[in-house]
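Here is what each chain is made of, one letter per residue.
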2 protein chains.
Amino acid sequence: MKTAKIRLYVEHPLGQGQTIALTQAQAHYLFGVMRQGLGDAVLVFNGRNGEWRAEVTEAGKRGGVLIAQEETAVQRDPPDLWLLFAPIKKARTDFIVEKAAEMGAARILPVQTDFTNSERIRQDRLQAHAIEAAEQCGGTFVPEVSDLHRLDRMLDAWPEDRHLMFCDETLADSARTPGAAGTGKWAILIGPEGGFSDAERARIAGLPQARPVSLGPRILRADTAVVAALTLWQITFGDWT
Amino acid sequence: MKTAKIRLYVEHPLGQGQTIALTQAQAHYLFGVMRQGLGDAVLVFNGRNGEWRAEVTEAGKRGGVLIAQEETAVQRDPPDLWLLFAPIKKARTDFIVEKAAEMGAARILPVQTDFTNSERIRQDRLQAHAIEAAEQCGGTFVPEVSDLHRLDRMLDAWPEDRHLMFCDETLADSARTPGAAGTGKWAILIGPEGGFSDAERARIAGLPQARPVSLGPRILRADTAVVAALTLWQITFGDWT
């Protein structure tokens, strides 16, 4: 039995003996780029049914077939944590999505704030980054990347039972922690590079679900702040403890 | 008195009335790119003497002069924390240096491990990234980026009084913290993408100064691990508390 080195996200349901038809892009990657062939083993996951060792039973230029043989990891979903962030320059936005997937965010929501430059995002491209990060980091879960939402509208309809960890650079010198809000449903909100507007800050501060936190005495770029905030949250409430 | 929007790292000593001759590159940036001119104010810092508001008193294509007028922030050095990391692909190595500077590492040491691909680095380019990150994050300190050192030789001569936080992905499922080692001198060691070799792992585990930690249940890329480990350290021992 060959050892599987490649992890591949697929959309099919997975289970013992399940056949998985590959898309043209997947076939190109597996057989063209990665030089896999008949009888080779690949690890597959779909975000719902754990990770499976599958064997290549058909390999072509335009497609191929895998058969799932053995479950190699059980499905493991992250805590119920959303990440809200304001899109910035393309490379750093890609990076934020990648990092959020690696760090175990359950859902990634790009938000349009008063000082957000970007008025639209390529949701499909960002979703592909989240999938690639999941393939890379050994997880069995892929966070959903939403379309761009307006922050003010999200706050208007903010779920009563979801805490909001609000990372505000104006708090940089006051030591604050998420407090004793406890586990449960959470979201982390990272501001845009230009900060939040006064109106946004007031609106967020007025939300009973909001928990302001400081990310230390230095001003962090948004992409750094995402990883730092996710670390802080995971240590305090998440699956690192 | 004009408001200063630009932060510039300079090498000169800084103090009341100090004149600062600009290099050609600095003059090009300030006057060409950023459209500053005579009488405009710039914030300058040198990593030692705090941050100063300085005024442009000469502006030319090949140079210029600033005069330091008022101290706007006192010098603030980070805790005595080194970051050791194995260089990876260029963009991600740049990113690690930028993030380490933002997150308050005092010294950045690229190390060559058994599974490091890169045999040399561009120290000058990495140092420039650290300077740019300091300019951006509002800090007054610039971490020194060392040349590439061999990890095994560094471990042979490891300082007795410096704890080593060792981030090992084989610990991924066991919850561990840096422990009660306390503040003082520290270093964080982030492994290469291929992990540490068995020899390295044994050598590090044998160091009395070593404190293994886990960065959660998912495998993190090296650049993510750098920010996560620095966050963990800063919360536990550093200047975030």
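Quick caveat: nothing in here was measured; it's all calculated off a predicted structure.

Peer 1: When you look at the side chain of R162 of chain A in this model, what are you seeing that I'm missing?
Peer 2: Of note, R162 of chain A is situated in strand β10 (residues 162-167). Take R162 of chain A: its relative accessible area is 5%, and that puts it in the buried class.

Peer 1: Can you help me understand unusual backbone geometry in this one?
Peer 2: Excluding glycine, a negative phi dihedral is what most residues carry, and trans is how most peptide bonds are arranged. A positive phi angle is found at R35 of chain A, which is not glycine, with a value near 60°. Mapping R35 of chain A onto the fold places it in the loop between α1 (24-33) and β3 (41-45).

Peer 1: Would you mind going over the UniProt feature "domain: Ribosomal RNA small subunit methyltransferase E PUA-like" (unreviewed entry) in chain A with me for this structure?
Peer 2: UniProt annotation of "domain: Ribosomal RNA small subunit methyltransferase E PUA-like" (unreviewed entry) refers to residues 22-63 of chain A when read in the numbering used here. Taken as a whole, residues 22-63 of chain A contains 24% helix and 36% strand, while its terminal C-alpha atoms sit 5 Å from one another.

Peer 1: How should the interface of chain B and chain A be read in this particular structure?
Peer 2: You'll often see interface size given as the accessible area lost when the parts meet. Between chain B and chain A, the contact holds 35 residues from the first and 34 residues from the second. Buried area between chain B and chain A, both sides added, is near 2800 Å², and the carbon and sulfur share of it is 55%. Contact with chain A buries surface across chain B, with R218, R221 and W240 of chain B losing the most and accounting together for 23% of the total. Inspection of the chain B/chain A interface yields ten salt bridges. Where chain B packs against chain A, one counts 22 residue pairs in polar contact (both at pLDDT 80 or more). Breaking the side of chain B that touches chain A down by element, the ones donating at least two residues are α2 (90-102), α3 (123-137) and α6 (222-236) of chain B. Of all the elements, α6 of chain B adds the most residues to the side of chain B that touches chain A, at eight residues. For the side of chain B that touches chain A, a count of residues per class yields 15 nonpolar, eight polar and twelve charged.

Peer 1: Got a minute to help me understand the sheet that holds strand β2 (residues 19-22) of chain B in this structure?
Peer 2: In any sheet, the strands associate via hydrogen bonds between backbone groups, in a parallel or an antiparallel arrangement. Residues and elements named next belong to chain B. Strand order in this open sheet of five strands is β1-β3-β4-β5-β2, and the pairing throughout is mixed. Only two strands of the sheet have a single partner each, and these edge strands are β1 (7-9) and β2. Between one strand axis and the next, the sheet turns by 40° as a mean value, whatever way the strands run. Where strand β3 (residues 41-45) and strand β4 (residues 51-59) come together, five bridges link them in antiparallel fashion. By the bridge assignment for β4, V44 is matched with W52. Packing against the sheet, helix α1 (residues 24-33) makes contact with β1, β2, β3, β4 and β5 (64-73), and its axis sits at approximately 95° to β2. In the packing of α3 onto the sheet, contacts are made with β1 and β3, and the angle to β1 comes to roughly 150°.

Peer 1: Quick question: what am I supposed to make of the packing of aromatic side chains here?
Peer 2: Each aromatic ring pair is characterised by the separation of its centres together with the angle its planes make. All names here are of chain A. Scanning all chains against the criterion turns up eleven aromatic pairs over all chains. With a centroid separation of 4.8 Å and an interplanar angle of 25°, the aromatic rings of W186 and F237 are classed as stacked. Taken as a pair, W186 in strand β11 (residues 185-190) and F237 in the segment after α6 (222-236) lie far apart in primary sequence, 51 residues in all. For W186, a relative accessible area of 0% translates into the label buried. Its guanidinium or amino end placed over the ring of W82, R162 lies 3.7 Å from that ring's centre, counting from NZ or CZ.

Peer 1: Could you clarify how one ought to interpret the domain arrangement of chain A in this entry?
Peer 2: All names here are of chain A. Taken domain by domain, chain A holds domain 1 (7-73) and domain 2 (81-236). Computed over C-alpha atoms, the centres of domain 1 and domain 2 are 33 Å apart. Taken together, the contact between domain 1 and domain 2 spans nine residues of the former and eight residues of the latter. Where domain 1 abuts domain 2, roughly 640 Å² becomes buried across the two surfaces, and 64% of that area is made up of carbon and sulfur atoms. Contact with domain 2 buries surface across domain 1, with R7, Y9 and F45 losing the most and accounting together for 72% of the total.

Peer 1: Which parts of the structure should I look at to understand the pairing of strand β10 (residues 162-167) of chain B?
Peer 2: Consecutive side chains of a regular strand alternate in pointing toward one face of the sheet and then the other. All names here are of chain B. Of all six residues making up β10, six are buried, and the element is well covered by its neighbours. Sheet topology note: the β10/strand β11 (residues 185-190) ladder contains six bridges and is parallel. The partner of H163 across the bridge, within β11, is W186. The sheet contact formed by β10 and strand β12 (residues 210-213) spans four bridges and is parallel. Bridge assignment links C167 to a residue of β12, and that residue is V213.

Rules and cut-offs
- Residues numbered from 1 in each chain as written.
- Chains lettered and ligands numbered in written order.
- Predicted model: local features only at pLDDT ≥ 70, side-chain atom pairs only at ≥ 80, totals over all residues.
- Heavy atoms only, no water.
- Helix = DSSP H or I, 4+ residues; strand = E, 2+ residues; numbered from the N terminus.
- Buried < 20%, exposed > 50% of the residue type's maximum accessible area, 1.4 Å probe, protein only.
- UniProt positions renumbered as here; feature names shortened; annotations may be inferred.
- Contact = heavy atoms within 4.5 Å.
- Buried area = accessible area lost by both parts, 1.4 Å probe.
- Salt bridge = Lys/Arg side-chain N within 4 Å of Asp/Glu carboxyl O.
- Polar contact = N/O pair within 3.5 Å; in protein donor to acceptor, adjacent residues only side chain to side chain.
- Nonpolar A, V, L, I, M, F, W, Y, C, P; charged D, E, K, R; others polar.
- Pairing = 2+ DSSP bridges.
- Axes fitted to C-alpha atoms, helices over the stretch in contact; angles between N-to-C directions.
- Phe/Tyr/Trp six-rings, centres within 6.5 Å; stacked < 30°, edge-to-face > 60°.
- Lys NZ or Arg CZ within 6 Å of the ring centre and 35° of its normal.
- Domains from an automatic or database assignment.

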